[in-house]
Amino acid sequence: MRAGQELRLGNTCTEGQIDGMAGAVEDGAMSEVTAASPRRSSRVFHKMRVQAQGRGHNGKKFRETCETVVVNGYGGLLFLKHEIDNGEMLVITNPETQEEQECRVVYLGDPGDNGQRVGVEFLTPAPRFWGVEFSEAQPAEDSSAVH
């Protein structure tokens, strides 16, 4: 890597992304500086069945019952049997409450026996959608937030 060249570490999710800068020091050794931005809410391993509907990779509408792996107040990671494109819109329904959330596909993992891991982000944050309590990111002390 050349001096001053940026090294991106992590995934495609911009929240909590880690950026690194690698550069040459005068003695020829490499140094690396990393900084992480905090997540908007904590992640929780939470396995539950939800209904997902949207358009598959082939353009046809689908509806399936799928299972979550990890959730937070802004979306989650689930297993889908249908092939779907990154950026596609889905509607997820919580079968216990019948609440629906529109979301966008933001991550596609490799297909496996349980289906493809699909990361979704809610269009509107919904921390109560999953029926789980999350610890929210704390505002900075100099923030103008009302306490």
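See the structure printed just above.
Residues numbered from 1 in each chain as written. Predicted model: local features only at pLDDT ≥ 70, side-chain atom pairs only at ≥ 80, totals over all residues. Heavy atoms only, no water.

Q: Looking at this structure, I do not really get the pattern of salt bridges. What am I missing?
A: Any two side chains of opposite charge can pair, given that their charged atoms come close. A full pass over the atoms with the stated rule returns two salt bridges. We note a salt bridge from Lys47 to Glu67, for which the minimum N-O separation is 3.8 Å. Pair noted here: Lys47 is in the loop between strand 4 (44-45) and strand 5 (49-55) and Glu67 is in strand 6 (residues 61-72), with a separation of 20 residues, a long-range link. Lys47 sits in the exposed class, given a relative accessible area of 64%. With a closest N to O distance of 3.8 Å, Arg104 and Glu121 form a salt bridge. Of the two residues, Arg104 is situated in strand 9 (residues 100-112) and Glu121 in strand 10 (residues 115-122); the sequence distance between them amounts to 17 residues. On the basis of relative accessible area, Arg104 is assigned to the partly exposed category, the value being 34%. (Salt bridge = Lys/Arg side-chain N within 4 Å of Asp/Glu carboxyl O. Helix = DSSP H or I, 4+ residues; strand = E, 2+ residues; numbered from the N terminus. Buried < 20%, exposed > 50% of the residue type's maximum accessible area, 1.4 Å probe, protein only.)

Q: What is the right way to look at the pairing of strand 5 in this model?
A: Side-chain positions along a regular strand alternate between the two faces of the sheet. On strand 5, burial follows the alternation: Val50, Ala52 and Gly54 on one face are buried, whereas Arg49, Gln51, Gln53 and Arg55 on the facing-out side are not. Looking at chain direction, strand 5 and strand 6 are connected through seven bridges and run antiparallel. Counterpart to Arg55 in the pairing with strand 6 is Lys61. Two elements, strand 5 and strand 8 (residues 89-93), share four bridges in a ladder whose sense is antiparallel. Its bridge partner being in strand 8, Gln53 is matched across the sheet by Val91. (Pairing = 2+ DSSP bridges.)

Q: When you look at the side chain of Gln101 in this model, what are you seeing that I'm missing?
A: Residue placement: Gln101 occurs in strand 9. Look at Gln101 and you get buried, because its relative accessible area is 11%. There is a polar contact of 3.5 Å between the side chain of Gln101 and the side chain of Glu99. With residues near it in sequence (within four places) discarded, Gln101 still touches Leu90, Val91, Ile92, Phe122, Thr124, Ala126 and Phe129. (Polar contact = N/O pair within 3.5 Å; in protein donor to acceptor, adjacent residues only side chain to side chain. Contact = heavy atoms within 4.5 Å.)

Q: Would you explain the packing of aromatic side chains in this entry?
A: When we look at a pair of aromatic rings, we describe it by the centre distance and by the angle of the planes. A complete count under the given rule lists three aromatic pairs for this structure. Each ring, one from Phe129 and one from Trp130, has its centre 4.9 Å from the other, and the planes form 80 degrees; the classification is edge-to-face. The class of Phe129 is buried, set by a relative accessible area of 1%. Ring-pair connections join several aromatic residues into one group, and the members of that group are Phe122, Phe129 and Trp130. (Phe/Tyr/Trp six-rings, centres within 6.5 Å; stacked < 30°, edge-to-face > 60°.)

Q: Is there a simple way to explain the nonpolar core in this structure?
A: In a soluble, globular protein the nonpolar side chains are often hidden away together inside. Core analysis: the biggest nonpolar cluster contains 21 residues, and Leu80, Leu90, Ile92 and Trp130 have the highest contact counts within it. Elements represented by at least two residues in this core include exactly strand 5, strand 6, strand 7 (75-80), strand 8, strand 9 and strand 10. (Core = buried A, V, L, I, M, F, W, Y, C linked by side-chain atoms within 4.5 Å.)

Q: What exactly am I supposed to notice about the state of the cysteines here?
A: Defined simply, a disulfide is a covalent bond joining two cysteines at their sulfur atoms. Counted according to the given criterion, the structure contains zero disulfides. You can see Cys103 has no disulfide; the closest cysteine sulfur is in Cys66, sitting 9.3 Å from it. By relative accessible area, which is 0% here, Cys103 ends up buried. (Disulfide = S-S within 2.5 Å.)

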